[in-house]
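Topology and contacts: notes
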Amino acid sequence: MNELLAGIRQRLEGDRVLWAIALVLTLASLVTVYSAISTLAYKADGNSAKFLFKQAALLAVKADYKKRNIPVRYYQWDDWWTTDFAGDIPGIRNWKPDPLVFPSGMTDWLGEPLAMYAPAYSIDNNWTQYQWRTDQRAKTSLPIDSRFYHDLFSNVSAAGLTMTMFEQDWFQYLNTGTNLTNGDIATGDLWTAQMDAAAAEFNMSIQFCMMNPIHALQSTRLQQMTNGRATWDNHR
């Protein structure tokens, strides 16, 4: 038992103020989340634990990095934080933080630059004011409206967040698993060009994820696309 306690104390060494802040934020997040326990259970099919700790975890990681003097350029909000999430495919329906994941919402609660993410876009998304190229079979879509990414990034900026990078994922599937960019010669070019224009306007870079060779070629026409990944997730 003494060895166990000594091991715990060793792992908790460091700035006690930072550990106290992390603990308080964790408890606050727990209270906020479990105040809506019935909703949690419904959304998680009875498993509310999957929604715990995500906001508090990021804050604790930030505190730990600061304590260790580890420089961080940005933190990434991936595809698990939006409300009414339909999965990577058919995709997101909005870009609003789920209060069960990020109780503080679209605010600068982390106090750090962010990279933000989009998989596919569900055919029944909430952005009905924009034009879309749709695939009824795959139940997914792509924005072909020049206002879409401008407004998307503008809303983030208006909320006081600093967004340094936008990651667009699932290129391989959108290319070969749907007819979204295979049915004509204009949609893919229009989609990525308007993404690039909005990124330039808000001074952020773009990352392509799960690319095919054609997407690497297309990136040569985009000023803000600086990096990408060709493999699927968890590729070995």
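Whatever comes next refers back to the structure up there.
Residues numbered from 1 in each chain as written. Predicted model: local features only at pLDDT ≥ 70, side-chain atom pairs only at ≥ 80, totals over all residues. Heavy atoms only, no water.

**Brief notes about unusual backbone geometry**
In this structure, the amide linkage connecting Ile89 to the following residue, Pro90, adopts the cis form with an omega of 10°. Inspection of the secondary structure assignment puts Pro90 in the loop between strand 1 (75-77) and strand 2 (114-118). Although it is not a glycine, Asp84 adopts a positive phi angle of roughly 50°. On the secondary structure map, Asp84 appears in the loop between strand 1 and strand 2. Since its relative accessible area comes to 41%, Asp84 is described here as partly exposed. (Helix = DSSP H or I, 4+ residues; strand = E, 2+ residues; numbered from the N terminus. Buried < 20%, exposed > 50% of the residue type's maximum accessible area, 1.4 Å probe, protein only.)

**A closer look at the sheet that holds strand 6 (residues 163-168)**
Taken together, the 5 strands give an open sheet; going across it, the order is 1-2-6-7-8, and neighbouring strands pair in parallel fashion. Each edge of the open sheet carries a strand with a single partner, namely strand 1 and strand 8 (225-229). Averaged over all neighbouring strand pairs, the angle between strand axes comes to 25°, with direction disregarded. Here strand 1 runs beside strand 2; their pairing, made up of 3 bridges, is parallel. Bridging from a neighbouring strand, Trp77 pairs with Met116 of strand 2. Contacts between helix 5 (residues 148-158) and the sheet are confined to strand 2 and strand 6, with strand 6 contributing the most and set at about 140° to the helix. (Pairing = 2+ DSSP bridges. Axes fitted to C-alpha atoms, helices over the stretch in contact; angles between N-to-C directions. Contact = heavy atoms within 4.5 Å.)

**What to know about the side chain of Asn212**
Mapped onto the secondary structure, Asn212 falls in the loop between strand 7 (205-209) and helix 8 (213-219). Residues contacting Asn212, with those up to four places away along its chain left out, are Gln172, Asn175 and Thr176.

**Notes on the nonpolar core**
Grouped together as the largest cluster of nonpolar side chains are 41 residues, with contacts concentrated most on Trp77, Trp95, Tyr121, Trp127, Tyr149, Phe153 and Phe166. Counting residues per element, the ones that place at least two in this core are helix 4 (54-67), strand 1, strand 2, helix 5, strand 6, helix 6 (171-176), helix 7 (187-201) and strand 7. Contact partners of Trp127, with chain neighbours within four places excluded, come to Ile92, Arg93, Asn94, Trp95, Tyr121, Trp132, Phe148 and Leu152. (Core = buried A, V, L, I, M, F, W, Y, C linked by side-chain atoms within 4.5 Å.)

**A closer look at the packing of aromatic side chains**
Any pair of aromatic rings gets described here by the distance separating the centres and the angle formed by the planes. This model, assessed by the stated rule, comprises 23 aromatic pairs. Taken together, a centroid distance of 6.5 Å and an interplanar angle of 80° make the contact between Tyr121 and Tyr149 edge-to-face. Here Tyr121 is found in strand 3 (residues 121-122), whereas its partner Tyr149 is found in helix 5, with 28 residues between them in sequence. Pairing Phe153 with Phe202 gives two aromatic rings, centres 6.4 Å apart and planes at 85°, and the pair type is edge-to-face. Residue Phe153 is found in helix 5, and its partner Phe202 is found in the loop between helix 7 and strand 7; the two are separated by 49 residues along the sequence. (Phe/Tyr/Trp six-rings, centres within 6.5 Å; stacked < 30°, edge-to-face > 60°.)

**Considerations on the pairing of strand 8**
Summarising the sheet, strand 7 and strand 8 pair through 4 bridges and their orientation is parallel. Bridge pairing in strand 8 places Cys209 opposite Arg229. In the classification by handedness, the crossover that spans strand 7, the intervening helix 8 and the parallel strand 8 is right-handed. (Right-handed = clockwise from strand over helix to strand, strands pointing away.)

**Overview of the sheet that holds strand 5 (residues 140-143)**
Ordered by their spatial adjacency, 3 strands build an open sheet running 3-5-4, and the pairing between neighbours is antiparallel. The open sheet terminates on both sides in strands that have one partner only, identified here as strand 3 and strand 4 (132-135). For strand 3 and strand 5, the ladder comprises 2 bridges, and the chain directions are antiparallel. Across the sheet, Ser122 pairs through a bridge with Thr140, a residue of strand 5.

**Some remarks on a nonpolar patch on the surface**
Among the surface-exposed residues, Val61, Tyr65 and Ile70 lie close enough to one another that they form a single nonpolar patch of about 210 Å² accessible area. Judged by its relative accessible area of 31%, Tyr65 is partly exposed. (Patch = residues over 30% accessible without salt bridge, like charges linked within 9 Å, V, L, I, M, F, W, Y side chains within 5 Å. Areas by Shrake-Rupley, 256 points an atom, 1.4 Å probe, with all protein chains shown as cover. Salt bridge = Lys/Arg side-chain N within 4 Å of Asp/Glu carboxyl O.)

**What about the pairing of strand 6?**
Within strand 6, 5 of the 6 residues are buried, leaving the element largely enclosed by the surrounding structure. For strand 2 and strand 6, the ladder comprises 5 bridges, and the chain directions are parallel. Counted as the bridge partner of Leu114 is Met163 from strand 6. Of the strand pairs in this sheet, strand 6 and strand 7 are connected by 4 bridges, and their pairing is parallel. Within the sheet, the bridge partner assigned to Glu167 lies in strand 7 and is Gln207.

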